[in-house]
Every structure is written in structure tokens, then in C-alpha cells.
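A look at the structure
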Amino acid sequence: MENFTYYNPAKIIFGKGSEAHIATEISLYAKNVLLVYGGNFIKELGIYDALVKQFDEVNITYFEFNKVIPNPRLEHVKEAITICKENEINFILAIGGGSAIDTAKAVAVGALDDGDVWDFYTGKRTPQTALPIGTVLTLPSSGSEMSNASIISKDLEKLGLEHDLIIPKFSVLNPEYTLNLPSYQTAVGIADIFSHLLERYFSESAYVHLTDHLLEGAMKSLLINSQLLQKDSHDYNCRAEIMWSASVAHNNLLDTGRISDWGSHRIEHEISAQYNVTHGEGMAIIFPAWMAYVAQVKPEKLAQLAIRVFNRDAIAYSIEELALFAVKDVQNFFLQLGMKKNLTDLQIDNRDFSIMAQRATKNGSVGHYITLDAVTIEEILTIALDNQF
């Protein structure tokens, strides 16, 4: 087991009616707020009217930035930073899913800085301060509502910032806001959550029985709840468990004492940057391809996954056979969610594989369970073209 320091001060307000606490929480920090969201959904869900009423009651002034898009862009971040500086914003409230929250985090570190916020994502500089952030989660997926991470795109680069300054002060999680999510948004969210669990699961760290079993339990709960949700998409309890799973999968608790992999995410970031693919769907294609490669060179953890999560017979099959079962079982789960099977189904061919692999490894090899260089990443992308196992 590895040494670790665990820190996560995010306050979670969970359940029906939890949005009633938003203004009270913000008032602990500020009175001049920027709302960060995209589209019209916050008015359709009634969140906007509830916020305005609360803000009026406690004299909170608010401004709006409503241009958030999937795979959030640097130019939008800079536009929101300008709003903050011109209006002396001192709190940011993100409403939505990972794209809104990641945008808000980028704005938070840029609003109090005179340089280029992109420097924080390239690693050229480290943020020294940030505006406080709160979130209202409406799309369980990224876990950004409890994480110290933000992912932003500039042109064909998609990079991340990790810093404790951008952990939200509070996050409001009302599963009722997810009851009418389109099936595709629900599915890509579950795929993203499952991929976060898998990235942590694939670790070479020894004596991590506790977190191994916690990760396996979280994965099994997603298998169960996704099946129940297909029978009744308005099942509040299923929605609630999936919503909390997203937070637990990415609040770093399940990282404690172990070194996670993250190679698959680095590959998928190139896919979504190059082709604007929804992250969860990209992960549903890349992870089975990565696992198929790993099954050939380091099958042991895959075999454990097959036995403990997918109930494969540990006696009847070899480690190598069990590893291949794990690849197929994970792929079948994603397909049952309605995800595409391979890159070809997304109209993606191999013409950009070389440059994508070079971008992914420009700072060196990636991944920890196995390390990936540019050649290996191209091989995994080639597997993902058809994902026939």
C-alpha cells in the first residue's frame, strides 16, 4: 500500500429539495455571483427561478455566462473571466455536468490572475489563488463536483489542471433533476463513471484489498442500477445511486494507497479533441481496446475483474482466458448502454493516429499499470477501429 494524504473539503448537499440551500451556502463566501451553464435546461428544470428567488431574499447579485458546451473551450473560459473581472465577481456557481463545472474551475483560477489561464493547463505556471466555486449537478458523469480537476480544450489540445484550490466549496445533488435525462446522456454518464473506476482499479500497488473491493462494489452497483434503469428510467433510487457513484468514483477516496493508471483517458482526450466525441462514448470504445492490449502482456488484474465483478468461474478458466472474458464483459456492458462499439462506428479512420499518439506522449510516456509510448498508443487506436474480440 502506498503512502497518501487525502484531502477533500467539498460539502455535499444531497437529495430532494437540496437546492433550497444554495443561497445560504453562497452567502458564507460572497454576494456577487457568476452563474455558469449552457442551454435552457436550468429554466426547464426550475433551477433558474428557484435561484433568482433565493438570491433576491438574501441580496445576492448575479451575472450569467450561458455558453458552456461539451468539451469546453478555452475561448469561452476567457470570455467568462472577462465578465468576472469587469463585475468584481467573487463566487462562481456552475449548473450542469462536467463541462459546466470544469469551465467554472478554469474561470475561478483565471479571474484572479493577470496572465494566460492556459498556462495552468500546460503546466507552465501553478495557480496561487482562485475564486470559490459551488455546483448544482444535473448530469452525473465526470465527478467534477467533488474533484480537484478541470479539463479544457484549446484547438486540438485537451489538457487538465489538478489543484486543491478548485475543489468546490459545496455541491448540490438532487437526483430529481436527472429523472428526465435523455437515455444517451444517462448512458454516456454511466460509461464515464465506470471508466473512472476502471482507471483506479488497474494498479500495480500491492496490498490494496480495501480499495480493490470498494472499486469492485462500485462497479457492481453500476451494473445493477443501469439494468434497473432500463426497466424504469424514472426510478429515483437508481438515479440517486448513479449520481452518488459519479462523485465517489472521482473524489480521490478510491485512489488512496494506490497508483491509478489513466492511460486510457489520455488516449481518449486525443479522440475527443480531434473529433469532438462525447467523452463517455469515447471511453466506452478506448477502454476495451486498451484492455485487449493489456490482456496480452499483463492479464492478472483483468482476470481478477472478470471473477469478482462479472462472476466468471476462477477454476474453469486460465488467467489468460479470464482476462479476455473481462475485455468482452466490459465491452458488452458499454454496448448494453447503447454506446458505439468502435471508432469506425464514429466515422473515424486511422489517418490521424500518428499525430494523436505524438501529442499524447509529447511530455513522455503515459499510464502506470502499463506505460504507453506513441507506438503502443497507435496500436491501441488500431485495435479500437473494430474492437473485435
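Described below are features of the structure shown in this document.

Cut-off values and rules
- Residues numbered from 1 in each chain as written.
- Predicted model: local features only at pLDDT ≥ 70, side-chain atom pairs only at ≥ 80, totals over all residues.
- Heavy atoms only, no water.
- Patch = residues over 30% accessible without salt bridge, like charges linked within 9 Å, V, L, I, M, F, W, Y side chains within 5 Å.
- Areas by Shrake-Rupley, 256 points an atom, 1.4 Å probe, with all protein chains shown as cover.
- Salt bridge = Lys/Arg side-chain N within 4 Å of Asp/Glu carboxyl O.
- Helix = DSSP H or I, 4+ residues; strand = E, 2+ residues; numbered from the N terminus.
- Buried < 20%, exposed > 50% of the residue type's maximum accessible area, 1.4 Å probe, protein only.
- Expected span 1.5 Å × (residues − 1).
- Core = buried A, V, L, I, M, F, W, Y, C linked by side-chain atoms within 4.5 Å.
- Contact = heavy atoms within 4.5 Å.
- Axes fitted to C-alpha atoms, helices over the stretch in contact; angles between N-to-C directions.
- Left-handed = near helix turned anticlockwise from the far one by under 90°.
- Nonpolar A, V, L, I, M, F, W, Y, C, P; charged D, E, K, R; others polar.
- Phe/Tyr/Trp six-rings, centres within 6.5 Å; stacked < 30°, edge-to-face > 60°.
- Lys NZ or Arg CZ within 6 Å of the ring centre and 35° of its normal.
- Pairing = 2+ DSSP bridges.

On to a nonpolar patch on the surface. Taken together, the side chains of M1, F4, Y6, Y207 and L253 make up a nonpolar region of the molecular surface, amounting to roughly 580 Å² of accessible area. Inspection of the secondary structure puts Y6 in the segment before β1 (11-14). Looking at Y6, the relative accessible area reads 34%, which means it is partly exposed.

Look at helix α5 (residues 98-110): 18 Å from first C-alpha to last across 13 residues, which is about the 18 Å you get at 1.5 Å a residue. For α5, the tally of buried residues reaches twelve of 13 residues, placing the bulk of the element in the interior. Along α5, the residues that are buried comprise G98, A100, I101, D102, T103, A104, K105, A106, V107, A108, V109 and G110.

Core analysis: the biggest nonpolar cluster contains 69 residues, and F194, W290, M291, L305 and F334 have the highest contact counts within it. No other element matches the twelve residues that helix α11 (residues 279-297) contributes to this core. Not counting the four nearest positions on each side in its chain, W290 is found in contact with F202, D261, S264, Y369, I370, L372 and I380. Counting 35 residues, the second-largest nonpolar core is a separate cluster that includes F65, I81, I83 and A100.

We now examine the pattern of salt bridges. Taken as a whole, this structure holds 17 salt bridges when the rule is applied. Residue R200 is joined to D255 by a salt bridge in which the shortest nitrogen-to-oxygen separation is 2.9 Å. Residue R200 is located in helix α7 (residues 183-201), and its partner D255 is located in the loop between α9 (236-249) and α10 (263-275); the two are separated by 55 residues in the primary sequence. For R200, a relative accessible area of 1% corresponds to the buried category. When the shortest N-O distance is used, the salt bridge between K298 and E204 registers 2.7 Å. Of this pair, K298 sits in the loop between α11 and α12 (300-308) while E204 sits in the loop between α7 and α8 (209-231), and the two are 94 residues apart along the sequence. A relative accessible area of 54% means that E204 is categorised as exposed.

The angle between the axes and the distance between the axes are what describe a pair of packed helices. Across the interface, α11 lies against helix α15 (residues 374-384) with an axial gap of 8 Å and an inter-helix angle of 115 degrees. The hand of the α11/α15 crossing is right-handed. Counted together, I285, I286, A289, W290, A292 and Y293 of α11 and T376, E379, I380, L381, I383 and A384 of α15 form the full contact between these two elements. Residue composition of the contact of α11 with α15, grouped by class: ten nonpolar, one polar and one charged.

In this section: the packing of α8 against α9. One can describe the packing of α8 onto α9 by two numbers: an axis separation of 9 Å at closest approach and a directional angle of 145 degrees. Crossing hand, α8 versus α9: left-handed. Side by side, α8 and α9 meet where S221, L222, N225, L228 and L229 of the first sit next to C238, R239, E241, I242 and S245 of the second. Considering only residue class, the contact of α8 with α9 consists of five nonpolar, three polar and two charged.

With a phi angle near 50 degrees, N71 is a residue other than glycine that sits in the positive phi range. With respect to the helices and strands, the residue N71 is situated in the loop between β3 (61-65) and α4 (74-87). According to the relative accessible area criterion, N71 is buried, its value standing at 10%. Positive phi, normally seen in glycine, also occurs at N252, with a value near 75 degrees.

Turning our attention to the environment of T371. Following the sequence through the fold, T371 ends up in the loop between α14 (353-360) and α15. In this structure the C-alpha to C-alpha distance between T371 and V294, which are 77 residues apart in sequence, comes to 10 Å. With near-sequence residues (within four places) excluded, T371 lies in contact with S365 and V366.

Here we take up the packing of aromatic side chains. A ring pair, where both rings are aromatic, is described by two values, the distance of the centres and the angle of the planes. Using the criterion set out here, one finds 15 aromatic pairs in the structure. Between the aromatic rings of F14 and W244, the centroid separation amounts to 6.2 Å while the plane-to-plane angle is 75 degrees, which identifies the pairing as edge-to-face. You can see F14 sitting in strand β1 and its partner W244 sitting in helix α9, a full 230 residues away along the chain. Note on F202 and Y369: the rings are 5.7 Å apart at their centroids and 55 degrees apart in plane angle, and the pair reads as tilted. Placement of the pair is F202 in the loop between α7 and α8 and Y369 in the loop between α14 and α15, with a sequence separation of 167 residues. Judged by relative accessible area, which is 0%, F202 ranks as buried. Through successive ring pairs, a cluster of aromatic residues spans Y201, F202, F287, W290 and Y369. Against the face of Y236 rests K16, its NZ or CZ located 4.5 Å from the ring centre.

To continue, consider the sheet that holds strand β2 (residues 32-36). An order of β1-β8-β5-β4-β2-β3 is seen for the six strands of this open sheet, with the pairing classed as parallel. The sheet is open, and its two edges are formed by β1 and β3, each paired on a single side. With direction set aside, neighbouring strand axes in the sheet form an average angle of 20 degrees. In this sheet, β3 lies alongside β2 in parallel orientation, the contact comprising five bridges. Following the sheet pairing, L34 is matched in β3 by F63. Here α9 sits on the sheet and contacts β1, β5 (133-137) and β8 (170-173); the angle it forms with β1, its principal contact strand, is near 170 degrees.

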